[in-house]
Amino acid sequence: MIAPLHPGRSEAAARPVRLWIHGRVQGVGFRDALSLQALERGVDGWVRNRRDGSVEAVLRGDERAVEALIRWAHHGPAGALVDRVDRRPANEDEAAAVQPGFHRLPTA
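Some words on the pattern of salt bridges
Next, step 1: Here the structure, examined in full by the defined rule, presents nine salt bridges.
Next, step 2: Put simply, Asp32 and Arg104 hold a salt bridge, and the shortest N to O gap is 2.5 Å. Of the two residues, Asp32 sits in helix H1 (residues 30-41) while Arg104 sits in strand S5 (residues 102-104), which places them 72 residues apart along the sequence.
Next, step 3: In this structure Asp32 comes out as partly exposed when scored by relative accessible area, which is 46%.
Next, step 4: Here Asp86 makes a salt bridge to Arg84, at a shortest N to O gap of 3.2 Å.
Next, step 5: In this structure Arg84 comes out as partly exposed when scored by relative accessible area, which is 43%.
Next, step 6: Each of Arg18, Arg48, Arg50, Glu56, Arg88 and Glu94 takes part in a single network of salt bridges with overlapping partners.

In structure tokens form, the structure reads like this:
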């Protein structure tokens, strides 16, 4: 039997969240760093650059892990300068499209 990550507490799956990260977030390794942070926390989803200079992501997983990843996104990797992070619950189609693992999608 596999022990839970947090004994005595059930893992609470959060509703998938969609993020838009604004600031100096392209050309600084933000997508790679976010992907690594997500994989380390067991969060599924995707990340991509936006043509407007922002980074967009959808995250799904344990509520605590997702919230920790969102907190990380407020500062990002070295070299990033995050102005703001906008978030909203992912809609049904976005939530259904999340595959296991964490993926980099093409720029939109």
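So, helix H2 (residues 63-73)
Next, step 1: Those residues of H2 that sit buried are Ala65, Val66, Ala68, Leu69, Ile70, Trp72 and Ala73.
Next, step 2: Contacts from the buried residues of H2 go to strand S1 (17-24), H1, strand S3 (55-60) and strand S4 (81-89).
Next, step 3: For H2, the N-terminal cap is Asp62; the gap from its side-chain oxygen to the backbone nitrogen of Arg64 is 3.2 Å.

Side note on the pairing of S1
Next, step 1: Here S1 pairs with S3 via five bridges, running antiparallel. Each bridged residue has a counterpart across the sheet, and for Leu19 the counterpart in S3 is Ala57.
Next, step 2: Here eight bridges tie S1 to S4, and the two strands are oriented antiparallel to one another. Directly across from Val17, in S4, lies its bridge partner Pro89.

Some thoughts on the packing of aromatic side chains
Pairs of aromatic rings are described using the distance from one ring centre to the other and the angle between the two planes.
Next, step 1: In the structure shown here, the tally under the stated rule is one aromatic pair.
Next, step 2: Centroid distance Phe30 to Trp72: 5.4 Å. Interplanar angle 55°. Geometry classified as tilted. Taken as a pair, Phe30 in helix H1 and Trp72 in helix H2 lie far apart in primary sequence, 42 residues in all. Comparing Phe30 with Trp72 shows no difference in burial state: the two are buried.

Remarks on the confidence of the model for the chain
Next, step 1: On average, residues of the chain score 90 in pLDDT, and 88% of them are at 70 or above.
Next, step 2: Counting contacts from residues 1-10, a segment whose pLDDT is below 50, to residues more than four positions away or on other chains yields three contacts.

What counts, and at which threshold
- Residues numbered from 1 in each chain as written.
- Predicted model: local features only at pLDDT ≥ 70, side-chain atom pairs only at ≥ 80, totals over all residues.
- Heavy atoms only, no water.
- Salt bridge = Lys/Arg side-chain N within 4 Å of Asp/Glu carboxyl O.
- Helix = DSSP H or I, 4+ residues; strand = E, 2+ residues; numbered from the N terminus.
- Buried < 20%, exposed > 50% of the residue type's maximum accessible area, 1.4 Å probe, protein only.
- Contact = heavy atoms within 4.5 Å.
- Polar contact = N/O pair within 3.5 Å; in protein donor to acceptor, adjacent residues only side chain to side chain.
- Pairing = 2+ DSSP bridges.
- Phe/Tyr/Trp six-rings, centres within 6.5 Å; stacked < 30°, edge-to-face > 60°.
- pLDDT = per-residue confidence, 0-100.

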